[in-house]
Amino acid sequence: MKQWIESLDGRRALLAGLTALAAGGLVMLRIFDPATSGVFPPCPLHFFTGLYCPGCGSLRALHALMHGNLQLAWAMNPLTILFLPYLIYGLTSEAVRLWCGCGLPQPMLSPALIRVVFALIVLFGILRNIPAYPMNLLAPGAMLGL
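Residues numbered from 1 in each chain as written. Predicted model: local features only at pLDDT ≥ 70, side-chain atom pairs only at ≥ 80, totals over all residues. Heavy atoms only, no water.

## Things to note about the overall build of the protein chain
In terms of helices and strands, the protein chain carries six helices and zero strands. Reading the helices (α) and strands (β) of the protein chain from amino to carboxyl end gives α-α-α-α-α-α. Taken over the C-alpha trace, the protein chain has a radius of gyration of 19 Å; the compact-globule value for 146 residues is 15 Å, which it surpasses by more than 25%. For the protein chain, the spread of C-alpha atoms along the principal axes amounts to about 65 × 40 × 30 Å. The 146 residues of the protein chain split such that 21% are buried. Long-range contacts, defined as pairs at least 24 residues apart, comprise 51% of the intrachain contacts of the protein chain with a sequence gap of at least 6. For the protein chain, the accessible area works out to roughly 9,900 Å², and carbon and sulfur atoms hold 74% of it. Of the side-chain charges in the protein chain, 8 are positive and 4 negative, and the distance between the mean point of each set is 9 Å. (Helix = DSSP H or I, 4+ residues; strand = E, 2+ residues; numbered from the N terminus. Rg over C-alpha atoms; globule rule 2.2 N^0.38 Å. Buried < 20%, exposed > 50% of the residue type's maximum accessible area, 1.4 Å probe, protein only. Contact = heavy atoms within 4.5 Å. Areas by Shrake-Rupley, 256 points an atom, 1.4 Å probe, with all protein chains shown as cover. Lys, Arg positive; Asp, Glu negative; His and termini not counted. Charge placed at Lys NZ, Arg CZ, Asp CG, Glu CD.)

## Some details on helix 5 (residues 78-100)
Helix length check: helix 5 (23 residues) gives 34 Å between terminal C-alpha atoms against 33 Å at 1.5 Å per residue, within 8%. At L84, helix 5 is deflected by roughly 40°, the largest bend along its length, and proline P85 occurs up to four residues later in sequence. Those residues of helix 5 that sit buried are P78, L79, T80, I81, L84, S93 and L98. The residue sitting at the N-terminus of helix 5 and contributing the capping side-chain oxygen is N77; that oxygen lies 3.0 Å from the backbone nitrogen of L79. G101 occupies a position one or two residues after helix 5 and carries a positive phi of about 95°. (Expected span 1.5 Å × (residues − 1). Bend = angle between axes of the 7 residues up to and from the residue. Polar contact = N/O pair within 3.5 Å; in protein donor to acceptor, adjacent residues only side chain to side chain.)

## Points about the nonpolar core
One finds A61, A64, A73, M76 and I81 forming the largest nonpolar core, which totals five residues. Only helix 3 (58-66) and helix 4 (70-76) provide two or more residues apiece to this core. Those residues in contact with I81 that lie beyond four places of it in its chain are A61, L65, L70, A73 and W74. (Core = buried A, V, L, I, M, F, W, Y, C linked by side-chain atoms within 4.5 Å.)

## Examining the packing of helix 3 against helix 5
Following both chains from N to C, one finds helix 3 and helix 5 inclined at 65°, their axes separated by 9 Å at the closest point. Classified by the interaxial angle, the pair formed by helix 3 and helix 5 is roughly perpendicular. Note that helix 3 runs across helix 5; the crossing there is right-handed. Contacts from S58, A61, L62 and L65 in helix 3 reach T80, I81 and L84 in helix 5. Considered class by class, the residues forming the contact of helix 3 with helix 5 number five nonpolar, two polar and no charged. (Axes fitted to C-alpha atoms, helices over the stretch in contact; angles between N-to-C directions. Parallel < 35°, antiparallel > 145°, perpendicular 65-115°, else oblique. Left-handed = near helix turned anticlockwise from the far one by under 90°. Nonpolar A, V, L, I, M, F, W, Y, C, P; charged D, E, K, R; others polar.)

## Quick word on the pattern of salt bridges
One pass over the full model with this rule turns up one salt bridge. Notably, a salt bridge pairs R97 with E94, separated by 2.4 Å at the nearest N-O pair. With R97 and E94 both in helix 5 and three residues apart, this pair spans about one turn of that helix. Judged by relative accessible area, which is 35%, E94 ranks as partly exposed. (Salt bridge = Lys/Arg side-chain N within 4 Å of Asp/Glu carboxyl O.)

## Notes on the packing of helix 5 against helix 6 (residues 111-127)
It is the contact of helix 5 with helix 6, at a shortest axis distance of 11 Å, that shows an interaxial angle of 155°. When the interaxial angle is binned, helix 5 and helix 6 end up roughly antiparallel. As helix 5 packs across helix 6, the resulting crossing turns out to be left-handed. Between helix 5, through P78, L79 and F83, and helix 6, the contact on the second element is made entirely by V117, I121 and F124. A breakdown of the residues in the contact of helix 5 with helix 6 according to their chemical character gives six nonpolar, no polar and no charged.

Below, the structure is given as structure tokens:
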């Protein structure tokens, strides 16, 4: 019993630390614009190759969302906006699991669905680098002419 309690205290300490780290990151993301501040590092793939990865524009999209600008967030990275509710649910479930030992209900994803999602992410990364209309609209900010 004592070991379980110590383990529970350790999990709660880990959760508190991760929550503080995430909150600090979100505060920084709210205050500093990733596009202009220089606080956040650039995407290594884009920096070295000029190609956009599937995640390019995600920080700018989250920054725009924190300022209530859904249109700009969508233009920066629509995939981030689509996957954000699932990410929030997963992180919340993990926090609940760390706090009380059992998480939120988890949907069972078939291996085929996981492969489809992975393929969509890869396809998005490829399509946003094609310099022809309409694919070029998938580049960060291109939908708004930025």
